[in-house]
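Residue-level listing of the chains:
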Amino acid sequence: KLKNSERFSKVFISPDRTPAEREERRKLVAALKEKVRTEPQQYHYLRNGEICSREHLPRYRTTDDSEENDSDSDQRMAEAVLLELKEAFDGFEQSIDKRLEKMC
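Position numbers for residues start from 1 in each chain and track the written sequence from start to end. Per-residue local features are limited, in this predicted model, to residues with pLDDT of at least 70; the limit for side-chain atom pairs, both in listing and counting, is 80 or more; totals at the level of whole chains, interfaces and linings are taken over all residues. Remark: hydrogens and water are excluded; side-chain values derive from all non-hydrogen atoms of the structure.

(A) A look at the overall build of the chain. Here a strand is any run of E in DSSP of at least two residues, a helix any run of H or I of at least four, and the numbering for each starts at the N terminus. Tallying secondary structure elements over the chain gives 2 helices and 2 strands in all. Listed by position from the N terminus, the elements making up the chain come as α-β-β-α. Here the chain holds 104 residues, and 12% of them are scored as buried. Sequence separation of at least 24 residues holds for 20% of the intrachain contacts in the chain that already meet a minimum separation of 6. Categorising residues by exposure relies on relative accessible area from a 1.4 Å probe, with only protein chains included: less than 20% of the type maximum marks a residue as buried, more than 50% marks it as exposed, and the intermediate range marks it as partly exposed. The criterion used for residue contact is that any of the two residues' heavy atoms lie within 4.5 Å.

Next up, the structure:
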């Protein structure tokens, strides 16, 4: 319908993933689910087509944590946030590097 309309006749919609990419993604997600099942003590996620793992972030402080030292808790939370930001930046940097390699 879009192709026959005057307004959108020049618009091309491409699929997000090819059938081969979808199959590869299914296998990757299945492997991720298996890893989550067998290693529940770790946090597992997908980044740039790979399974990554790390320790779980500490839970957020609640009013029930009154016996815990606030400064220790704040320090652990700050370290966890910094780790998360570093991992995100590293993934972004690797993504940019891969795109630049493809362009050259």
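(B) Broad picture of the pattern of salt bridges. Salt bridges are counted wherever a side-chain nitrogen of Lys or Arg sits within 4 Å of a carboxyl oxygen of Asp or Glu. Across all of its chains, the model carries 4 salt bridges by this definition. Two residues, Arg 54 and Glu 84, come together in a salt bridge whose shortest N-O distance is 2.7 Å. Remark: Glu 84 occurs in helix α2 (residues 70–103) and Arg 54 occurs in strand β2 (residues 50–55); sequence separation between them is 30 residues. Residue classification places Arg 54 among the buried residues on the basis of a relative accessible area of 8%. Across the pair Glu 87 and Arg 54 runs a salt bridge, and its minimum N-O distance is 3.3 Å. Here Glu 87 is found in helix α2, whereas its partner Arg 54 is found in strand β2, with 33 residues between them in sequence. The residues Glu 87 and Arg 54 share a single accessibility class, namely buried. Connected through salt bridges with shared partners, the residues Arg 54, Glu 84 and Glu 87 form a single ionic network.

(C) View of the side chain of Arg 54. Among the polar contacts made by the side chain of Arg 54, one reaches the side chain of Glu 87 at a distance of 3.3 Å. Aside from chain neighbours lying at most four places away, what touches Arg 54 is Gln 42, Tyr 43, Tyr 45, Leu 83, Glu 84 and Glu 87. Two N or O atoms form a polar contact when they lie within 3.5 Å of each other; inside protein one atom must be a possible hydrogen donor and the other a possible acceptor, and for residues adjacent in sequence the pair counts only when both atoms belong to side chains.

(D) Fine view of a nonpolar patch on the surface. Note on patches: the residues involved have over 30% relative accessible area and no salt bridge, like charges join within 9 Å, and the nonpolar side chains Val, Leu, Ile, Met, Phe, Trp and Tyr join within 5 Å. To measure how exposed things are, a 1.4 Å probe is used in the Shrake-Rupley method; for residues, cover is taken only from the protein chains shown. A cluster of nonpolar side chains, Phe 89, Phe 92, Ile 96, Leu 100 and Met 103, forms an exposed patch at the surface whose accessible area comes to about 550 Å². Its relative accessible area of 31% is what places Ile 96 among the partly exposed residues.

(E) Spotlight on the pairing of β2. Two strands qualify as a pair provided DSSP detects at least 2 bridges between them. Note: strand β1 (residues 42–47) against β2, 6 bridges, orientation antiparallel. Bridge pairing in β2 links Tyr 45 to Cys 52. Joining the antiparallel neighbours β1 and β2 is a turn of 2 residues, in which Asn 48 adopts a positive phi near 55 degrees.

(F) Region of the structure containing the environment of Leu 28. With respect to the secondary-structure elements, Leu 28 resides in helix α1 (residues 19–38). Its relative accessible area of 18% is what places Leu 28 among the buried residues. Between the C-alpha atom of Leu 28 and that of Leu 46, which follows or precedes it by 18 residues, the distance is 8.3 Å. With residues up to four places along the chain from it excluded, the contact list for Leu 28 reads Leu 46, Gly 49, Glu 50 and Ile 51.

(G) Main features of the confidence of the model for the chain. Per residue, pLDDT measures the predictor's confidence, with a range of 0 to 100. For the chain, per-residue confidence averages 79 on the pLDDT scale, and residues scoring 70 or more make up 84% of the total. The secondary structure element of the chain with the lowest average pLDDT is α2, at 77, and the one with the highest is α1, at 93.

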